[in-house]
Amino acid sequence: MICMRKYQHLLFLSAIQTPVKLLVKNNYLSVIFFLLLPFCSVSQSSSEFNRLTRKAQVMKFRVEYDSSLYYYQNLKDLISTTGDDRLEIMNRIDLADIYVLRREYENAKTELSLASAEIASIFPDDGYLLTELWQVKGSLLLAEEQLDSAKQYFFDAIRIKTSLFGQTDTSLHYAYNKLGNLYLLQSLYDSAVFCHQFALKLSLLKLDTVNFLSASSYQNLGIAAHRKGDYKLAELCYTKSLEFKEKLFDENDQALAKIYGNLGKFFFDLSNYEMALYYYDKSEKSLLTRYDRNDILFAHLYWNKGNVYTQQGDYFKATTYLSKAYSIFINHFGQNNQDVSKLSLDFGFAYEKKGDFYSAIEYYRKAAANKSDAGIIKIYRNLGNIYQKINEA
């Protein structure tokens, strides 16, 4: 995203301002030294710039957002010494993107507001800067579930980028990927598959096809195909994503946790519970390299493992894992949360299958406290079945 050539040019111009008087007063070797000094300065500064940029990007793809933020903030300090307004704006947009991923939405809004004002003041006709800003604004709105507004920003970014750089410009990947995720939230699976297929196509245009973007795109396309019910495509994409990620990351790296979790859910839906547990266990092992067991990521993992054990008829393990998940969710979100309601429904079902009807009733009622009409029908049907069994006992 950063314009490296312009950055190096500015460093060079700054360096060659060494007073000419010094050159003429020294001997031939000193003249050579001062002539070479600017290039050494450029090389050292650009090397540090490249190092920080690479670190920030790698940490982002490894889902280590705190480390990524650290390197982007160091980049901000380095860029401030150049006086390059364009680089500073791009850095603000990168910072905002990380703040969104860290769920620090107010910080993201601050950076985006400053970047927007600076673009309007200094680079009002710079279509690339504007579309980079719109993409991250769309990502922020998506995170806040303002889906219509987010979609419009993604549409506008795609339209302008395509008109400026063509349909094969790889910087379009961000908007198509986010738009695909938006369609998944809306359960528009055909549109989600289309967007993630296009994003994957763009990622494979890079010189090395095994890259962070292609690994992520295969995973997201797998999720879209999985939700759509196209299990053949889903398995192909999940497998390719895992293959790429295992090449890009170390064994048990936390970045592998999500694809392991996706494969666990995939095999669960195919009723292959042993394979589901195998991948959930691998996901858990990866998460432990970075996160505490009270992190919300473990709540989702325990929930999934609990449901596997319910289907296997091991109700003691099922209720144990679901209880762990429930405690973490309550600590993070309280009772009034949709995920807590959905988990309560699964918890109630596990107790019902176990034969602990009164515990099942307790959790079904908790689920009913914050549930959509469609969910209410299922809950009350289950409650009716339990009361019938109690009356027959």
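Preceding this paragraph is the structure being described.
Along each chain, numbering runs from 1 in the same order as the chain's sequence is written. Where totals are concerned, whole chains, interfaces and linings use all residues; where local detail is concerned, this predicted model gives features only for residues with pLDDT of at least 70, and gives and counts side-chain atom pairs only at 80 or more. Side-chain descriptors were evaluated using all non-hydrogen atoms of the structure, hydrogens and water having been removed beforehand.

## Details of the overall build of the protein
Just so we agree on the cut-off: Numbered from the N terminus, helices here are DSSP runs of H or I no shorter than four residues, and strands are runs of E no shorter than two. Three exposure classes are used, based on accessible area relative to the maximum for each residue type with a 1.4 Å probe and protein chains only: buried under 20%, partly exposed in between, and exposed over 50%. By the convention used here, residues are in contact when the closest approach between their heavy atoms is within 4.5 Å. For the accessible areas, the method is Shrake-Rupley and the probe is 1.4 Å, while residue cover comes only from the protein chains on display.
A count of helical and extended segments in the protein gives 19 helices and zero strands. Out of the 393 residues in the protein, the part that is buried amounts to 48%. Taking contacts inside the protein between residues at least 6 apart in sequence as the whole, the part at least 24 apart equals 58%. Surface exposure of the protein reaches about 19,900 Å², of which carbon and sulfur atoms provide 52%.

## A closer look at the pattern of salt bridges
This is how it is decided: Any Lys or Arg side-chain nitrogen found within 4 Å of a carboxyl oxygen on Asp or Glu counts as a salt bridge.
Counting across every chain of the model gives 22 salt bridges. Here Arg 92 makes a salt bridge to Glu 118, at a shortest N to O gap of 3.2 Å. A residue pair is termed long-range when its members are at least 10 positions apart, and Arg 92 in helix α5 (residues 85-101) and Glu 118 in helix α6 (residues 105-122) qualify at 26 residues. In this structure, the salt-bridge partner of Lys 366 is Glu 362, at a minimum N-O distance of 3.3 Å. Here the residue Lys 366 and the residue Glu 362 both occupy positions in helix α18 (residues 357-368), the gap between them amounting to four residues, near one helical turn. Take Lys 366: its relative accessible area is 23%, and that puts it in the partly exposed class. On the basis of relative accessibility, which here comes to 37%, the residue Glu 362 falls in the partly exposed class.

## Comments concerning unusual backbone geometry
You will see that Arg 103, though not glycine, has its phi angle at about 65°, which is positive. With respect to the secondary-structure elements, Arg 103 resides in the loop between α5 and α6. Relative accessible area serves as the criterion here: at 62%, Arg 103 is assigned to the exposed category. Non-glycine residue Glu 145 carries a positive phi angle of around 65°.

## Observations concerning the environment of Glu 106
Relative to the helices and strands, Glu 106 resides in helix α6. Taking the relative accessible area as the measure of exposure, Glu 106 reaches 55% and is therefore exposed. Sequence separation of Glu 106 and Ala 96 is 10 residues, and the distance between their C-alpha atoms is 9.5 Å.

## Considering helix α9 (residues 173-185)
Here is the rule: For a helix, the expected span equals 1.5 Å multiplied by the residue count minus one.
In this model α9 runs 19 Å from its N-terminal to its C-terminal C-alpha over 13 residues, within 8% of the 18 Å that 1.5 Å per residue would give. The element α9 is largely enclosed, with a buried count of 11 among its 13 residues. Looking one or two residues beyond α9, the residue adopting positive phi is Ser 187, at roughly 60°.

## Quick look at the environment of Leu 75
You can see Leu 75 is positioned in helix α4 (residues 65-80). Considered as a pair, Leu 75 and Asn 91 are 16 residues apart in the sequence and their alpha carbons are 7.5 Å apart. Setting aside anything within four residues of it in sequence, one finds Leu 75 in contact with Phe 49, Leu 52, Thr 53 and Asn 91.

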